[in-house]
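Report on the structure
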Amino acid sequence: MRKILLLLTILTPIISFSQEKKTPTFTISGKIIDASSKDPIEYATVVFKSLDSSQIKFGGITNRKGHFSIDVDEGTYDASVEYISYKTKKLNISTITRDFNIGTIAIEQDTEALKEVEITANKKTLEFKPNKMVYNVEKDISAAGSMATDVLNNIPSINVDPTGSITLNGQGTTVMINGKVSSMTKAEALKSLPANSIEKVETITNPGAKYNASYKSIINIILKKGKDEGLNASITGNVGYKDIYGGALNLNYKTKKVNFYTNTSYGYKNFIQLTKSENEYFENSNTTSFLKEKNKYNSKQNSLNSTVGADFYISDKTTLSTGVNYTNLDYNRTTLTNSDIFDSSNNLTSENFRNHKGDFNDEIIEVNVDFEHNFTKEGQKLTSSFTYTNDEETYKNNIINTNENYTDEYYVENNTLKNTIFNIQFTNPINEKSNYILGYQGEFGKIPFTYSGITNYSDIDYKEDIHAVFAEYEYQGAKMYYGIGLRAEFAESDIDYKDYNSKITKNFDDLFPSAYVEYTINDTQSLSFSFSRGIARPVYKDLQPFEQKYSETSSYIGNENLDPTYFNSFNLYYSLSLNKFNFSTSVLYQRYEDWPEEVTYETGEQINGVNKILTTIANVGNTNYSNLNITGAYNPSKIVSFIGNISLSNFDQSGIFKIVNDAGQNITRDFNNSNLLGTLSLLTQLKIPNVFNFQTNIKHELKSEGAYFTRKERTYATASISKDLFDNNATISLTTNDIFNSYKTKRERFSDYYFSKTEIKNKYQDFILSFTYRFNQSKKDRKIDFNQKDIKPKL
């Protein structure tokens, strides 16, 4: 009897539990769009509230295509969709008894609410989005007194070296302005573009078929364009140590039919850079001579930048945008070089003082026209753009030496780039989850190179035309997104040597496939993989065939016979987004064919017993490139935040370069080499309301070792402090781009015939005091946090 009672005691709750009815769960899905533009809305909130207490029982957010899918228990609810600055809309669904797709829901902007809201107040400095990262420059404390290159150097995985050369994830990248290639993005222009004219910067590691196949990666700089109706403006003045001053005006006037805007700035800077080098030369492993040089480079830089544009809202479905960009750079450069030559016993045998005066003027005029029309069918639209660029560069150089054995020179280089880009793109939805994109892009460029010296004259015309057609297909499911694309490019380049009545024509007709897959693990995690094939075409610096002297014993010359480089790119990406912590990591692998390598070799000419060396660029073998990138953003409180980044890259190179120099000697360079390099950075922001804001960025670059060079490791730091004044209508800030003056380049170059050790550094750190006053841009009473995405049901 006891055993029966014990068995009943054990089995009764089990039987009772098994007989309980589990509440059925159903999936509710749909799509949220903007009522005016018909564009999908990402991060809109769909909630299901209990009828008795209005507590949120279930909820979710829309993805980048505006779709949502939410599991809801059977029952009766008050359902609605909400989004910042939009009117709340109740959904025509209450009782949940089955899986149901509610279709497409259009929501309208709440213009009255916008008047009382500061839209940008709580944007995070760094945002992680599918296949790209967004850096909000308006949240960068150093922006008021910095240039574009300074702010770019604050962004994780981006490096800007002392010459203005920009890399992303350890290698060269394509820089755009407002989604377009522009002459304004070359090094000289970016170093003169004020950072406070930039709204945000996007980085794309693996572009798809709608982008030019030569883009390995993209840094897209989005300039400011006012969004508030009425007249609003800001004016900024800068003064700095040493000999730095300038100012900027941002003006915007917007109505319901037109949006007019302009960003204009002027800047002056006296830039001084110091270089010292020690060189040892060998013959049959024995030292033959030494060369020691000290170099002072002084560049007085005047820069004027202006953008004037207007958006015309022709109808609710059609927008026409026009703009003109103007840049004028006027640099007066003086380079003073002291050269001492010693014999193998370190006895002074010769010396020279070289005075190189160079004037550089660059005038850029760029015209942009953009058109967008949204058809009645949801998601169907036609976009088109036209860009014309006229970029005129003039270099005037006068070189005087005190040593009569050296040659005095005077020469002028004129380069005029005329480039036209036309793009048209049609997007058509197949159903609620998929669509296709068809497009055409034509790029037509011409650059005449002219060189006029004392004893010679050269005239070369370079022309390149590219026709491209592309197609993309996209599918967006509840958890899975994938896109495939194919781009066909038909390129023709002509090099016309007018002096020699000779012309070389090259044709490149290629197909470039791409693919992208993303899986949403949950509301906070996603995993993606992408593939693309591309081509890297030579740029002007690589092709120009005129010798540029660094000194009497060292020169650079381009290679007009340089061939394009083909590459395959694979990228695996993971992201995690929480309230206080965001994290992303990616693994990138690229395989390059006919890698373009800078090669330095002895010309066979001797100047006072010193072998002259020449640097050029040539296609040398293949390269396997891999990169590991880890980025984390942590906001432990409202007043402090951290952004950390680790970027490690490995170049595994193979190939041999051979040439016969002017003395008839066979030169061989073996480039079979593996090089591990990387960057570690930490950006810290401290924002104490009504007191001050402080920011510092610390970077450490690992040592880089190539087949014939070594660049030493370096650590440097920047800092900025700012304070809002006059009821937040004004801001004063102080910025320095190198606190400890430690941003130095220490490099060694070597071969069997020479060993060279060089150090390059700026003479002074920059300390810039900036004052900005805003008109009709004062901060509002209420704030919006764009990053509050989590729905937390109260059960």
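Residues numbered from 1 in each chain as written. Predicted model: local features only at pLDDT ≥ 70, side-chain atom pairs only at ≥ 80, totals over all residues. Heavy atoms only, no water.

Okay, the pattern of salt bridges next. In the structure shown here, the tally under the stated rule is 19 salt bridges. Of the charged contacts, one joins Lys498 and Asp461 as a salt bridge, the two residues approaching to 3.0 Å between their closest N and O atoms. Of this pair, Lys498 sits in the loop between β30 (480-497) and β31 (502-520) while Asp461 sits in strand β29 (residues 457-476), and the two are 37 residues apart along the sequence. The class for Lys498 is partly exposed, based on a relative accessible area of 43%. (Salt bridge = Lys/Arg side-chain N within 4 Å of Asp/Glu carboxyl O. Helix = DSSP H or I, 4+ residues; strand = E, 2+ residues; numbered from the N terminus. Buried < 20%, exposed > 50% of the residue type's maximum accessible area, 1.4 Å probe, protein only.)

Sheet topology note: the strand β46 (residues 709-711)/strand β49 (residues 744-750) ladder contains three bridges and is antiparallel. What sits directly across from Phe709, in β49, is Arg749. Two elements, β49 and strand β50 (residues 754-762), share seven bridges in a ladder whose sense is antiparallel. Within β50, the position partnered with Glu748 by the bridge is Lys757. Connecting β49 to the next strand, β50, in antiparallel fashion are three residues. (Pairing = 2+ DSSP bridges.)

Locating Asp78 in the fold gives a position in strand β6 (residues 78-82). Of the residues examined, Asp78 reaches a relative accessible area of 30% and is grouped as partly exposed. C-alpha of Asp78 to C-alpha of Leu91: the two residues are 13 residues apart in sequence and 8.1 Å apart in space. Leaving out residues up to four positions away in the same chain, Asp78 has contacts with Val47, Phe48, Lys49, Leu51 and Lys90. (Contact = heavy atoms within 4.5 Å.)

What follows covers the confidence of the model for the protein chain. Per-residue pLDDT for the protein chain has a mean of 86; in total, 92% of the residues score no lower than 70. When mean pLDDT is taken per element in the protein chain, strand β25 (residues 348-374) scores highest with 95 and strand β52 (residues 782-783) scores lowest with 38. Across residues 114-121, confidence stays below pLDDT 50; counting only partners more than four residues off in sequence or on other chains, it has 21 contacts. Note that residues 778-795 has pLDDT below 50 and, in this model, 51 contacts with residues that lie over four places away or in other chains. (pLDDT = per-residue confidence, 0-100.)

Looking now at the environment of Lys296. Tracing the chain through its elements places Lys296 in strand β23 (residues 286-313). Residue class for Lys296 comes out partly exposed when judged on its relative accessible area of 33%. With 155 residues separating them in the primary sequence, Lys296 and Ile141 have C-alpha atoms 32 Å apart. When near neighbours in sequence (up to four residues on either side) are disregarded, Lys296 contacts Ile272, Gln273, Leu274, Thr334, Thr335, Leu336 and Lys763.

Moving on: the nonpolar core. Ranked by size, the top nonpolar core spans 29 residues in total, and within it Leu152, Ile166, Leu190, Ile198, Val201, Ile219 and Ile221 carry the most contacts. Going through the elements one at a time, β11 (126-129), β12 (132-136), α3 (148-152), β13 (158-160), β14 (166-168), β16 (174-177), β18 (198-204) and β19 (218-223) are the ones with two or more residues in this core. In contact with Leu152, other than residues within four places in its own chain, are Ile158, Val160, Ile166, Leu190, Val201, Ile219 and Ile221. In this structure, Ile28, Phe48, Ile96 and Ile107 belong to the second largest nonpolar core, which totals 21 residues. (Core = buried A, V, L, I, M, F, W, Y, C linked by side-chain atoms within 4.5 Å.)

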